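Structural features, examined
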Amino acid sequence: MRLCLFGPPGSGKGTQGEKLSEEYGIPEVSTGDLLRAAVAAGSELGQKAQEAMSQGNLVADDVVVGMIRERLHEADAEPGFILDGFPRSFGQAEALQEMLAAEGKPLHRVIHLDVDREEIITRLMARKRADDNEATIRNRLEVYSSQTRPVLEYFKERDLLTTIQGVGEVDEIYANIKAAIA
Ligand code: B4P
């Protein structure tokens, strides 16, 4: 199975991705986690990503797409994968579709976790990651509305999109995701 979890920051992509990964035995590939690991390792890629991330801006498409291309070619992603937080721009969506089409491995579904702004701010303020301060959260939400949310249309046009309410019990949301991919 090849899935994509789409939604605003704090919508539960990481939370649901981990559960899906465990149950289906395929890796959850989070661009946020990959970028944070690169920053922690002090690699050249990490240095490029750090400034954008600390301000809540998107890291450049070529950096993120290159990273995803490499990760999806690792052996554990051969039977499938769950993308968490990728794509986040039209450029990333097109690059992904082209890459998967060229390999004859199309996406099965894009799950959009819908959560309103106030709930997101409450969740992220409680989490306290380095980029979970109020100014950065507001910018991440702004970036989501202007650059990421419009990409939903791209997947809708291709009949790949299912929107699921991301508010409520984690297990209830998970059951709705499973029903959508069954
Ligand atoms: P991410 O790491 O993807 O950050 P995120 O969107 O905040 O994470 P996520 O949405 O997975 O959090 P979750 O809901 O699991 O990105 C960080 C930064 O990296 C970006 O701002 C950007 O700079 C860069 N980046 C990443 N991908 C990129 C890309 N493709 N292109 C360019 N730049 C990119 O968890 C949130 C909290 O909610 C948790 O505390 C959780 O416990 C809680 N929660 C989850 N479900 C809940 C529920 N049902 N009820 C209550 N709380 C819940």
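**Comments concerning empty space enclosed by the protein**
Per the counting criterion, the structure on display carries 1 cavity of 30 Å³ or more. When its volume is computed, the largest cavity comes out at roughly 40 Å³. Lining the largest cavity are Leu5, Phe6, Gly7, Lys13, Gly85, Phe86, Pro87, Arg88 and Thr148. In terms of residue class, the lining of the largest cavity is made up of 4 nonpolar, 3 polar and 2 charged.

**Details of the sheet that holds strand β2 (residues 28-30)**
Spatially, β2-β3-β1-β4-β5 is the arrangement adopted by the 5 strands of the open sheet, whose pairing is parallel. Bordering the open sheet on either side are β2 and β5 (161-165), each of which pairs with just one other strand. Here the average twist between neighbouring strands, direction ignored, is 25 degrees. In the sheet, strand β4 (residues 109-114) pairs with β5 via 5 bridges, with the strands oriented parallel.

**A short note on the packing of helix α1 (residues 13-24) against helix α9 (residues 170-181)**
When two helices pack together, their arrangement is given by the angle between the helix axes and by the axis-to-axis distance. Following both chains from N to C, one finds α1 and α9 inclined at 60 degrees, their axes separated by 10 Å at the closest point. Taken together, the axes of α1 and α9 are oblique relative to one another. Considering how the two elements wind past one another, α1 and α9 form a crossing that is right-handed. Contacts from Thr15, Gln16, Lys19, Leu20, Glu23 and Tyr24 in α1 reach Val170, Asp171, Ile173, Tyr174, Ile177, Lys178 and Ile181 in α9. When grouped by side-chain class, the residues that make up the contact of α1 with α9 number 7 nonpolar, 2 polar and 4 charged.

**Focus on the nonpolar core**
Formed by 31 residues in total, the largest nonpolar core has its most connected members in Val59, Phe81, Leu83, Leu96, Leu107 and Phe155. Those elements that provide at least two residues to this core are β1 (2-6), α3 (44-55), α4 (61-72), β3 (81-84), α5 (90-102) and α8 (151-157). Looking at which element gives the most residues to this core, the answer is α4, with 6 residues. Excluding its chain neighbours within four sequence positions, the residues that come into contact with Leu107 are Arg2, Leu3, Cys4, Phe81, Leu96, Gln97, Leu100, Phe155 and Leu160.

Parameters and conventions
- Residues numbered from 1 in each chain as written.
- Predicted model: local features only at pLDDT ≥ 70, side-chain atom pairs only at ≥ 80, totals over all residues.
- Heavy atoms only, no water.
- 1 Å grid on protein atoms, 1.4 Å probe; cavity = no way out; pocket = protein on both sides within 12 Å on 5 of 7 lines; lining within 4 Å.
- Points joined across faces, edges and corners; volume = space filled by probe spheres on them.
- Nonpolar A, V, L, I, M, F, W, Y, C, P; charged D, E, K, R; others polar.
- Pairing = 2+ DSSP bridges.
- Helix = DSSP H or I, 4+ residues; strand = E, 2+ residues; numbered from the N terminus.
- Axes fitted to C-alpha atoms, helices over the stretch in contact; angles between N-to-C directions.
- Parallel < 35°, antiparallel > 145°, perpendicular 65-115°, else oblique.
- Left-handed = near helix turned anticlockwise from the far one by under 90°.
- Contact = heavy atoms within 4.5 Å.
- Core = buried A, V, L, I, M, F, W, Y, C linked by side-chain atoms within 4.5 Å.
- Buried < 20%, exposed > 50% of the residue type's maximum accessible area, 1.4 Å probe, protein only.

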